[in-house]
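# An overview of the molecular structure
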Amino acid sequence: MPAIKTTLRRLAAPGIIALALISGNSFADAVRTIKIATAAESKPLSWGAIGHEPQGYEPDVLKAINAKLPQYKFVMEGAADIAQETGLVTGKYDMATGGYYKAPARSKQFLIPDAPIGASLMKIYSRSDSTINGMKDLVGKNIVPVTAGGGVYKFVTQWQQDNPNDKITIKASSAGVPYPDRLKEVQNGKYDALILPSNLGEQTVIDNQKLAIKASEPVAINNTYVLIHRSAENQALNDDITKTLRELKADGTLDKLAQKWFGEDVTKYMK
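Small disclaimer: the values here were computed from a predicted structure and weren't measured. (Residues numbered from 1 in each chain as written. Predicted model: local features only at pLDDT ≥ 70, side-chain atom pairs only at ≥ 80, totals over all residues. Heavy atoms only, no water.)

Tyr57, Val61, Ile65, Phe74, Met95 and Ile241 are the most contacted members of the largest nonpolar core, which totals 33 residues. When residues of this core are traced back to their parent elements, those giving at least two are strand 1 (32–39), helix 2 (57–68), strand 4 (72–79), strand 7 (118–127), strand 12 (220–229), helix 8 (234–250) and helix 9 (253–262). Apart from the residues within four sequence positions on either side, Tyr57 is in contact with Pro44, Leu45, Ile117, Gly118, Leu254, Leu257, Ala258, Trp261 and Phe262. With 26 residues, the next largest nonpolar core counts Met122, Leu196, Val205 and Ile206 among its residues. (Core = buried A, V, L, I, M, F, W, Y, C linked by side-chain atoms within 4.5 Å. Buried < 20%, exposed > 50% of the residue type's maximum accessible area, 1.4 Å probe, protein only. Helix = DSSP H or I, 4+ residues; strand = E, 2+ residues; numbered from the N terminus. Contact = heavy atoms within 4.5 Å.)

Listed below in structure tokens is the structure:
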């Protein structure tokens, strides 16, 4: 009898090993790797070039999402803006984050979750003793030049079209002067005001360098979204991201991360 049991165990062992291998492979196959392009030079929103682990608000949100979606393995890498969208179109990346707004052209080209990942708050930065609080207060003021064709330029141009009786003079520039230096130029009187989205870390610079600069209430608010490569396979990913972002907003995770990286709660502005 012992000999029979030993024989049965020997016969059964290969089958058990094979079953274990099959089960292991099935589990591995069930976890889908998602390649994500994040902004490489947009601290504190997101930064970290290829070869370095991305850091910032959006990478932390992506980690929180992945923790709730074990069926995926998120792999992030920093990429330039052009490389992000090009890689997303070709399928090199499954997802991209970089403070993206939802627009008709993007909605046709990519899958975009219904829930935003954050919010971009356009604010006016001026000296603490100034009377500038809104866009109309900028009439006749010397405003820091903005990037030609950029988001601020488009916002001010549209605002001017909507308010033709309030003439604001703003110059377009291709000079890449860092915004911390621009804030200093506002403080020393070279310019009266600077218009920028607040998710670039301006308040941290103001606090750390003890600048006598104040920020207005948001003069424009735009939700920011994850972009997903459009494919039938990614529809489930899109739905999962939507559901999880809603949960992270409801449980306070997004608020906590916004406070950590931006020094303010942007979630209350998310529509």
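Where burial is concerned, most of strand 7 is hidden: nine out of the 10 residues are buried. Looking at chain direction, strand 7 and strand 12 are connected through five bridges and run antiparallel. Bridge pairing in strand 12 links Ser120 to Asn222. By the bridge criterion, five bridges tie strand 7 to strand 10 (residues 193–197) in an arrangement that is antiparallel. When the bridges of strand 10 are listed, Tyr125 appears paired with Leu194. In this sheet, strand 11 (residues 213–215) lies alongside strand 7 in antiparallel orientation, the contact comprising three bridges. By the bridge assignment for strand 11, Arg127 is matched with Ile213. (Pairing = 2+ DSSP bridges.)

Before going further, it helps to spend a moment on the side chain of Gln84. Relative to the assigned elements, Gln84 resides in helix 3 (residues 81–90). A residue is classified by how much of its surface remains accessible, and Gln84, at 0% relative accessible area, is buried. If we skip the residues at most four places from it in the chain, Gln84 touches Ala37, Thr38, Ala39, Ala79, Tyr93, Ala96, Thr97 and Tyr100.

Viewed as axis vectors pointing N to C, helix 2 and helix 8 meet at an angle of 110 degrees, and their least axial separation amounts to 10 Å. Considering the angle they form, helix 2 stands roughly perpendicular to helix 8. Contacts between helix 2 and helix 8 involve Val61, Ala64, Ile65 and Lys68 on the former and, on the latter, Ile241, Thr244, Leu245, Glu247 and Leu248. Residue classes in the contact of helix 2 with helix 8 are distributed as six nonpolar, one polar and two charged. (Axes fitted to C-alpha atoms, helices over the stretch in contact; angles between N-to-C directions. Parallel < 35°, antiparallel > 145°, perpendicular 65-115°, else oblique. Nonpolar A, V, L, I, M, F, W, Y, C, P; charged D, E, K, R; others polar.)

Bear in mind that shape data such as this cannot, by itself, settle questions of function.
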